[in-house]
Each structure stands twice: as C-alpha cells, then as structure tokens.
Amino acid sequence: MISDDSIVALSSGRLPAGIAVIRISGPKTRFVVETIAGGMVKDRVATLRKLWATDGSLMDHGLVLFFPGPTSFTGEDVAEFHVHGGRAVAGRMLETIAGFDGVRHAEPGEFTRRAFLNGKLDLVETEALADLVNAETEAQRRFAVQNAEGAQSALYLGWRRRLIHARAMIEAEIDFSDEEDVPGSVSDTVWSDVRAMIDEISRHIDGFHAAEIIRDGFEVVILGAPNAGKSSLFNALARREAAIVTDEPGTTRDLLEVVLDLNGVRVRVTDTAGLREAPGKVEAIGIEKARAKAHTADLMLLLEDLANPVAISEIPADIPALRIGTKVDLLKDQRPLGAYDAFISTVEGTGLAELLAEIGGRAAAAIGDVGDILPSRLRHVELLNETKRFLASALSGEERGQELRAEELRLAADRLGRIVGAVDVEDLLDVIFSQFCIGK
Ligand SMILES: Nc1nc2c(c(=O)[nH]1)N(C=O)[C@@H](CNc1ccc(C(=O)N[C@@H](CCC(=O)O)C(=O)O)cc1)CN2
Ligand SMILES: Nc1nc2c(ncn2[C@@H]2O[C@H](COP(=O)(O)OP(=O)(O)OP(=O)(O)O)[C@@H](O)[C@H]2O)c(=O)[nH]1
Ligand SMILES: [Mg+2]
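All chains use their own residue numbering, which begins from 1 and follows the written sequence. Lettering of chains starts at A and numbering of ligands starts at 1, both following the order in which they are written. Since the coordinates come from a predicted model, pLDDT governs what is reported: local features require at least 70, and pairs of side-chain atoms require 80 or more to be given and counted, while whole-chain, interface and lining totals use all residues.

Our next topic: the environment of Ala406. The helix and strand labels rest on DSSP assignments: H or I over at least four residues marks a helix, E over at least two residues marks a strand, and numbering proceeds from the N terminus. One can find Ala406 in helix α13 (residues 402-420). Here the C-beta atoms are placed from the backbone, and a residue counts as buried if at least 20 other C-beta atoms lie within 10 Å of its own, exposed if 12 or fewer do, and partly exposed otherwise. When the 19 C-beta atoms within 10 Å are taken as the criterion, Ala406 is described as partly exposed. Sequence separation of Ala406 and Leu337 is 69 residues, and the distance between their C-alpha atoms is 66 Å. We call two residues in contact when the distance between their C-beta atoms, placed using the backbone, is within 7 Å. Beyond its immediate sequence surroundings of up to four residues, Ala406 is in contact with Arg167, Ile170 and Glu171.

Moving on, we get to the packing of helix α12 (residues 378-396) against α13. Helix axes use the C-alpha atoms of the stretch in contact, all axes being lines fitted to C-alpha atoms, and the angles between their N-to-C directions lie in the range 0 to 180 degrees. Two elements in contact, α12 and α13, have axes separated by 8 Å at closest approach and are oriented at 170 degrees. Here α13 runs roughly antiparallel to α12, going by the angle between their axes. Where α12 approaches α13, its residues His380, Leu383, Glu386, Thr387, Phe390, Leu391, Ser393 and Ala394 are matched on the opposing element by Arg405, Glu408, Leu409, Leu411, Ala412, Arg415, Leu416, Arg418 and Ile419. Just so you know the grouping, Ala, Val, Leu, Ile, Met, Phe, Trp, Tyr, Cys and Pro go in nonpolar, Asp, Glu, Lys and Arg go in charged, and all remaining residues, Gly too, go in polar. Of the residues contributing to the contact of α12 with α13, the split by class is nine nonpolar, three polar and five charged. These descriptions rest on fixed angle ranges, namely under 35 degrees for roughly parallel, over 145 for roughly antiparallel, 65 to 115 for roughly perpendicular, and the rest for oblique.

Bringing the site of ligand 2 into the picture now. Throughout this description, a residue near a molecule or strand is one whose C-beta atom, derived from the backbone, lies within 6 Å of it. What surrounds ligand 2 is a group of 24 residues, the closest being Lys230, Ser231, Ser232, Thr252 and Gly274. A class-by-class count of the residues in the shell around ligand 2 yields seven nonpolar, 13 polar and four charged.

Take the sheet that holds strand β11 (residues 321-326) next. By way of backbone hydrogen bonds, the strands of a sheet pair with one another, either parallel or antiparallel. Within the open sheet, the six strands sit side by side as β8-β9-β7-β10-β11-β12. Their pairing is mixed. At either margin of the open sheet sits one strand with a lone partner, and together these are β8 (256-262) and β12 (342-343). One requirement defines pairing of two strands: DSSP has to find at least two bridges between them. With seven bridges joining them, β8 and strand β9 (residues 265-271) adopt antiparallel strand pairing. Bridged to Val259 within β9 is Arg268. Sitting on the sheet, helix α10 (residues 281-295) is in contact with β7 (218-224), β9 and β10 (299-305), with an inclination near 140 degrees to β7.

A few words now on the UniProt feature "binding site: (6S)-5-formyl-5,6,7,8-tetrahydrofolate" (unreviewed entry) in the protein. UniProt positions are given in the numbering used here, feature names are shortened, and annotations may be inferred rather than shown by experiment. Per the UniProt record, "binding site: (6S)-5-formyl-5,6,7,8-tetrahydrofolate" (unreviewed entry) is found at Arg23, Glu80, Lys120 and Lys440. Relative to the helices and strands, Arg23 resides in strand β2 (residues 19-25). Once residues within four sequence positions are removed from consideration, Arg23 is found in contact with Ala9, Ser11, Val78, Glu80, Phe111 and Gly439. Among the structural elements, Glu80 can be located in strand β5 (residues 78-84). You can call Glu80 buried: it has 21 C-beta atoms within 10 Å. Dropping the residues within four chain positions of it, Glu80 is found in contact with Val21, Ile22, Arg23 and Leu65.

Let's shift gears to the site of ligand 1. Close to ligand 1 lie Val21, Phe67, Thr71, Ser72, Phe73, Glu80 and Lys120, which account for all nearby residues. Tallied by class, the residues present in the shell around ligand 1 amount to three nonpolar, two polar and two charged.

Another point: the domain arrangement of the protein. In terms of domains, the protein is made up of domain 1 (6-120), domain 2 (126-207 + 375-421) and domain 3 (215-367). The split into domains, and so the bounds of each, comes from an automatic or database assignment of domains. For domain 1 versus domain 3, the separation of C-alpha centres amounts to 52 Å.

Only buried residues count toward a nonpolar core: Ala, Val, Leu, Ile, Met, Phe, Trp, Tyr and Cys, linked into one set through C-beta atoms within 7 Å. Ranked by internal contacts, the top residues of the largest apolar core, which has 102 residues, are Ile22, Leu223 and Val267. Filtering out sequence-adjacent residues up to four positions away, Leu223 remains in contact with Thr272, Leu275, Ala290, Ala294, Met300, Leu301, Leu302, Leu303, Ile312 and Ile315.

Attention shifts here to the pairing of β5. The buried count for β5 comes to five of seven residues, which makes it a mostly enclosed element. Pairing of β2 with β5 involves seven bridges; the strand directions are antiparallel. When the sheet's bridge partners are listed, Ile22 is paired in β5 with Phe81. Looking at chain direction, strand β4 (residues 58-67) and β5 are connected through five bridges and run antiparallel. Looking across to β5, one finds that Leu65 is bridged to Glu80.

For the rest of this paragraph, the subject is helix α4 (residues 123-134). Any helix carries an expected span of 1.5 Å times its number of residues minus one. End to end, α4 covers 17 Å across twelve residues, agreeing with the expected 16 Å (1.5 Å per residue, within 8%). In terms of burial, α4 is a largely internal element, nine of the twelve residues being buried. Residues Leu123, Val124, Glu125, Thr126, Glu127, Ala128, Leu129, Ala130 and Asp131 constitute the buried set of α4.

Both trends apply: most residues other than glycine have a negative phi, and most peptide bonds are in trans. Cis geometry marks the peptide bond from Leu15 to Pro16, where omega comes out at 0 degrees. Along the chain, Pro16 falls in the loop between β1 (6-10) and β2. Between Gly69 and the following residue, Pro70, the backbone shows a cis peptide bond with an omega angle of 0 degrees. Topologically, Pro70 is positioned in the loop between β4 and β5. One non-glycine residue with positive phi stands out, namely Arg44, at about 60 degrees. Position of Arg44 relative to the elements: it lies in the loop between α1 (29-36) and β3 (47-52). When the 11 C-beta atoms within 10 Å are taken as the criterion, Arg44 is described as exposed. The backbone of Asn227 shows a phi angle near 70 degrees, a positive value even though the residue is not glycine.

Further remarks concern the environment of Ile287. Positionally, Ile287 belongs in helix α10. In the structure, Ile287 is positioned 35 residues away from Thr252 in sequence and 9.6 Å away in space, judged by C-alpha atoms. Setting aside chain neighbours within four positions, we find Ile287 in contact with Ala273, Leu275 and Pro279.

Looking at the protein, the pLDDT average stands at 93 and 96% of residues meet or exceed 70. Here the predicted complex carries an ipTM of 0.91, next to a pTM of 0.89. The predictor attaches a confidence to each residue, called pLDDT, with possible values from 0 through 100.

Rendered as structure tokens:
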C-alpha cells in the first residue's frame, strides 16, 4: 500500500542533542522546503537557511538538504532539516511541517517501508538495516552492515537463479523428450547441482547458531558448590558489585546476568545458586534454575574452592566447560590437586585477565569468521528448510515424473524469493517494520 501522504519525523536521537535531523518524504516535500526555507535549495547539497514558521516567525537557522525522487533513500522526494537539537526547536519544526496539508507524522519504520516498496532495498537488507540501527557490538555492526549491503540477499538470489535455470532445463527436456538428440546428461547435471545446493543450504543453516550468538550473546554460566566463589568471579567480570557475596553458603538463589563486550562480541555471564543437596525451598528453586540454565550455555565455568574442593554432579556432558580452581591465594605454597583449566583469586586478581581472554577467544571462535554469511532470522531458517525439503523431494522423486519434479523446483525457488521479499510478502511487512524506531 503506497499512500500519497508525505511523512515527517525526527530521524536523529534523544533530545537535547547538538543537532536534530528532521526528515520528510513524499510529494509535498518540495512545497514544504520552498515554504519554510524561503525557496528551493540545490539538490543533494547542504545549504544554510533561515527556517520560517507558517505565522512568519523564525524557527531556527539550519542546514537544508533536498534529495529528488527517485534517487533518494525512500525513492520519493526527501528533504532533511538539520536544526539545533533543542526539544522546542525540533518540536516546533515537526508540528509546523506536519501541519501542512497532506503531511503527517511517520509511523515506526515508515521511511524504510517506502524504500522497500520502491525497490531500494529487499526484505533481507531491510532486516539488516534494523539490525544495524540496533547494533551495540562491533560484531553485530559488521554482520549487519554486510547484509545491509546485500551479501546475504546475493546468496539467496544466486540459489534462486540456479533453481530457475534447473527448472528451465528440466522443462526443456520434457518438451523435447520425443527427440533423440537431447542427452540425458542434461538432467544429470541439473540434479547433481540440486544435490550440491542442498549441501550448501544445509551448511548455511548450520551457521544460524553463530548468528544468534552475534545477536543475543555468547552464554557463559558460572556453576559450583555453595561458597565456591561464583559471585565473587561474577562481580570481578562485571567490574561492579552486581551480586551479593558473603561467607554463608547459599547466598545466591536467583540467576543473575551481566552483559560484557569482549573484543566486540556480546557475552552474557550468569551467576547461579550453589549446587547442593537438601537446601531450603527458595534455594531449591534457584538450584533448579541453575541446572536448567547450564543446558543452554555455550560455555560453563565450573568453580571449585581449592581450599575446600567440592565437585558438583549432574552437569550436562555435551557443553564445553572450564574447570576453575578458586581462592588460589589461600593455598600458599601447596600445589593444588586435580586437573584444572585455570586458577583464580578474586581477592588478589590472579588469573582473571587470562580467564577473560580465554572466554573472549571462545566467544570469537563461536561467531565464525569475519565475512561469513549467516542466516540472521529464524524466518530465513524456516524458509530455507522448506526450500531444502522441496529440493530433497524433487531429487528423490524419479518415479513421479519430470513435471512434478520441476514443479517442486519452482516451489523451492519460491521460498527463496519469499526470504528476500521478491514474492508474496504482504503479510510479513507489519511485523518487520514494527522492529524499527520512528524516523527510520
Ligand atoms: N543525513 C543522512 N545521513 C544518513 C542517511 C540519511 O538518510 N540522511 N541514511 C539513511 O538511512 C544513511 C545513508 N543511506 C542512504 C542511502 C541512500 C541514499 C540515496 O540518496 N540514494 C539514492 C542515490 C544513490 C547515489 O547517488 O548513489 C538512490 O538510491 O537512488 C541516501 C542515504 C546513513 N546516513
Ligand atoms: N580468600 C579468598 N576468598 C574468596 C575468594 N573468592 C571468594 N572468596 C570468599 O568466599 C566466600 C564465598 O564467596 P561467594 O562469591 O559468595 O561464593 P558463591 O559461590 O557465590 O556462593 P553461593 O552464592 O553461596 O553459592 C566469601 O566469603 C568470599 O569473600 C578468593 O579468591 N580468595
Ligand atoms: Mg553466590
């Protein structure tokens, strides 16, 4: 639904700020610029102008930019007013512009929605733009900017092109099947490419967990017996008193979380209740939560007090773990018994930098290599799985005949088209654009 309304919004952040950017898009843009800036400005060049309210009073003195459609961000005429970032200045500008006939305040993501509807961005690029605006870590930014530039879309469009070609080859073979000189090897080539594509898609889907780690963070869970020093390590990693520490076993009951940025990767560290038998009611619930949390971890830190080692039981075996000896300062000259991956003292600060480096290294390894193209939404994974299912069915369906197999190739290509928004996506748009803030 492309409406004729022009839309206006504050596109920059929280006020007050040095500068506020007010953006308008749509057919009324020229008229608005002419009226409030006292005439048009040169296309795509910043021009300093006095900005006049409808009642003839001066609103501000600011920079005006005009981008004529279709060569603008939205594809429509767009203008920007870069004004002083005061609340009253921006407020007066917005109300004045929204007061023009045919101009209204924009909905969240509405500029980007217009860019999508005018073919400036596909759906995957649009989602990546939302990720770019929300990126907090360097890994999130790198990943989002690459996809906003079309890397992920190019992969899906490449597969789609191959399938459209494959289907054309199969259909040509059907049409000419009476003629002797169409070699069977054409369809052999096609089906071996389909098989290769299934492998490529599977490998790509396997990368989803890395994408989730980039977005949600690498999950580190601290586990151990009561008093092992879990909360003390948690506070040292958080660099603040995030958890209560006492010498009473059973101090921590609930899960506590801090988010770290380790070399540009989001890492979430959870402190847990000490694991032990026969605790009180509240602590028992905490211990249950700790055990459940361990199962979703990317890395477990299993803490043992070297002065009083208590190994913990029933820890998930399939999740990577580091066994850490704590309170190494209390050992004096004794050598610790047992195989530990690290020794720490939160009192003296021993081993903490090394532990942090180890966690950071594992988190970096878990997100894969810079430039890897990963599915960035569950939506992509679901459609890729459907694509794969149609391909597998086409590949194994010899007895069903070439027509049906060609149709399955079409359905597979369709699913890829749906990921980038080339086909049948009207129902997705409200969900996707509601992820944006106003002014984007
Ligand atoms: N001031 C300002 N900064 C901004 C934006 C903006 O809208 N305004 N952007 C907004 O997100 C981003 C830049 N993205 C943009 C993308 C396309 C076009 C644009 O005018 N595209 C035309 C012409 C392309 C060309 O000349 O190469 C087009 O696609 O046809 C402008 C900005 C980030 N910084
Ligand atoms: N000497 C020494 N004492 C420590 C060290 N780390 C923690 N402690 C002490 O050990 C006691 C327990 O520490 P916590 O961090 O609360 O232990 P916890 O594992 O969180 O305990 P629960 O929450 O009860 O499961 C406190 O008295 C701490 O001061 C350390 O590195 N050296
Ligand atoms: Mg604790």
